[in-house]
Amino acid sequence: MKKTLHPQARAAALGAALLASAAAQAQPTMPPAPAVVVQPAPMDQATVSGTVQRWLVNPNGEADGLLLQDGTQIAFPPHLSATLTSWLRPGDSVQATGWNRKDIGVLRATTLQSQGRVVQDTPPAPGQRPLPAAREALTALQADGRVAHVLFNSRGDAHGLLLEDGTVVRFPPHMGSAVMPLLKPGAAVSVRGWGTRNALGTGIEAAQLGANPNSLQDMLGGPAAGPAGAPPRRP
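Residues numbered from 1 in each chain as written. Predicted model: local features only at pLDDT ≥ 70, side-chain atom pairs only at ≥ 80, totals over all residues. Heavy atoms only, no water.

Colleague: Kindly report on the pattern of salt bridges, identifying the contributing residues and their values.
Modeller: Summed over the entire model, instances satisfying the criterion amount to 3 salt bridges. Across the salt bridge formed by Asp144 and Arg192, the nearest N and O atoms sit 3.6 Å from each other. Of the two residues, Asp144 sits in strand β7 (residues 139-152) while Arg192 sits in strand β10 (residues 188-198), which places them 48 residues apart along the sequence. The partly exposed category is assigned to Asp144, whose relative accessible area is 44%. We classify Arg192 as buried; its relative accessible area is 16%. Taking the shortest distance from any N to any O, the salt bridge between Asp157 and Arg155 comes out at 3.4 Å. Given the relative accessible area of 31%, Asp157 is considered partly exposed. (Salt bridge = Lys/Arg side-chain N within 4 Å of Asp/Glu carboxyl O. Helix = DSSP H or I, 4+ residues; strand = E, 2+ residues; numbered from the N terminus. Buried < 20%, exposed > 50% of the residue type's maximum accessible area, 1.4 Å probe, protein only.)

Shown next, in the form of structure tokens:
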């Protein structure tokens with residue numbers, strides 16, 4: 001005689017079968033992949049020598065770097081500007097010791113030597129800070145020209161352009177990707193911003209930058225004309 005399961009027993013058996021089937025098909029849970037941490041390229045101590053081609057001027061009108069004839073960029077704190085520019089001139093030989101990355105041609109100098117003189121970037125004593133250098137008020141400036149050199153900071157980020165006429169254009173490093181087509185020698189550039197023009201050269205903080213006056217991009221998060229007065233100076 002054929003045995004018939006009670007409806008409740010049949011439902012229980014079916015549920016058990018379904019659970020067993022699901023367990024057989026379940027895949028083991030894989031742990032999440034570890035986050036990839038990109039380490040910055042190491043800085044190495046180095047010494048470079050060469051002939052000064054020109055000063056690199058910031059928007060405050062201070063030299064905060066120089067360009068050698070071979071294209072090497074030497075960066076130094078702007079508080080050394082007055083000391084260095086008082087006796088070092090384009091055409092002079094210079095030796096700089098500091099830190100750089102092997103993949104970029106920028107040296108962050110801690111010591112500069114020329115003509116028997118040595119200038120060191122000595123931190124102020126604890127509790128003391130150097131007096132700020134006298135600065136002229138920033139004025140509205142504009143420039144149109146072609147790129148001679150792309151300027152980098154010591155981390156390897158593009159943060160400026162040297163135009164063929166000697167004008168130095170600075171912009172925030174994080175904006176480099178927005179103007180990538182301009183970051184090459186020979187590229188046409190139009191800039192509107194604020195800065196200083198003096199005996200050392202012309203430095204402009206780019207408020208707007210583009211390939212021509214009709215393709216300007218905002219670089220500072222505000223209108224190119226700026227407020228009624230000069231914007232804050234760069235530190």
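Alright, that's what it looks like, and here's the rest.
Colleague: I'd like to hear about the packing of aromatic side chains, residue by residue, with values.
Modeller: Summed over the entire model, instances satisfying the criterion amount to 1 aromatic pair. Aromatic side chains Trp55 and Phe76 sit 6.4 Å apart centroid to centroid with 90° between the ring planes, which places their arrangement in the edge-to-face category. Remark: Phe76 occurs in the loop between β3 (73-75) and α2 (81-85) and Trp55 occurs in strand β1 (residues 44-57); sequence separation between them is 21 residues. Phe76 carries the same exposure label as Trp55, and that label is buried. (Phe/Tyr/Trp six-rings, centres within 6.5 Å; stacked < 30°, edge-to-face > 60°.)

Colleague: Mind laying out the layout of surface pockets, listing which residues take part and the relevant values?
Modeller: Counted as a void, the second largest pocket has a volume near 410 Å³. Broken down by element, the lining of the second largest pocket gets its largest block of residues, 3 residues, from β3. Here the lining of the second largest pocket is built from residues that sort into 12 nonpolar, 6 polar and 5 charged. (1 Å grid on protein atoms, 1.4 Å probe; cavity = no way out; pocket = protein on both sides within 12 Å on 5 of 7 lines; lining within 4 Å. Points joined across faces, edges and corners; volume = space filled by probe spheres on them. Nonpolar A, V, L, I, M, F, W, Y, C, P; charged D, E, K, R; others polar.)

Colleague: Please provide a residue-by-residue account of the confidence of the model for the protein, values included.
Modeller: Per-residue confidence for the protein averages 81 on the pLDDT scale, and 70% of its residues sit at or above 70. Within the protein, strand β9 (residues 168-170) carries the highest mean pLDDT (98), whereas helix α1 (residues 7-25) carries the lowest (52). (pLDDT = per-residue confidence, 0-100.)

Colleague: Give me the lowdown on the pairing of strand β2 (residues 63-68), citing residues and values where you can.
Modeller: Buried residues dominate β2, accounting for 6 of its 6 residues. One ladder, built from 5 bridges, connects β1 with β2; its direction is antiparallel. The residue bridging Leu56 from the neighbouring strand is Gly65, located in β2. Pairing of β2 with β3 involves 3 bridges; the strand directions are antiparallel. The partner of Leu66 across the bridge, within β3, is Ile74. From the end of β2 to the start of β3, which pair antiparallel, there are 4 residues, and Gly71 there has a positive phi angle of about 95°. (Pairing = 2+ DSSP bridges.)

Colleague: A description of the nonpolar core should follow, citing residues and the corresponding values.
Modeller: Soluble, globular proteins show a tendency: their nonpolar side chains are buried together. Leu161 and Leu209 are the most contacted members of the largest nonpolar core, which totals 20 residues. Ranked by the residues each element gives to this core, the list is headed by β7, at 4 residues. Beyond its immediate sequence surroundings of up to four residues, Leu161 is in contact with Val147, His149, Val150, Leu151, Thr167, Val168, Val169, Phe171, Leu182, Leu183, Val189 and Leu209. (Core = buried A, V, L, I, M, F, W, Y, C linked by side-chain atoms within 4.5 Å. Contact = heavy atoms within 4.5 Å.)

Colleague: Which residues make up the side chain of Thr72, and what values go with them?
Modeller: Here Thr72 is to be found in the loop between β2 and β3. Using a relative accessible area of 18% as the deciding quantity, one classes Thr72 as buried. Every residue in contact with Thr72, bar those within four places of it in the chain, is listed here: Leu66, Leu67 and Gly105.

Colleague: I'd like a rundown of the pairing of β10, residues and numbers included.
Modeller: Buried residues dominate β10, accounting for 8 of its 11 residues. The pairing of β7 with β10 spans 8 bridges and is antiparallel. Its bridge partner lying in β10, Asp144 is registered against Ser190. One ladder, built from 9 bridges, connects β10 with strand β11 (residues 201-210); its direction is antiparallel. Residue Thr196 lies in a different strand from β11, and its bridge partner there is Gly203. The loop that links β10 with its antiparallel partner β11 comprises 2 residues.

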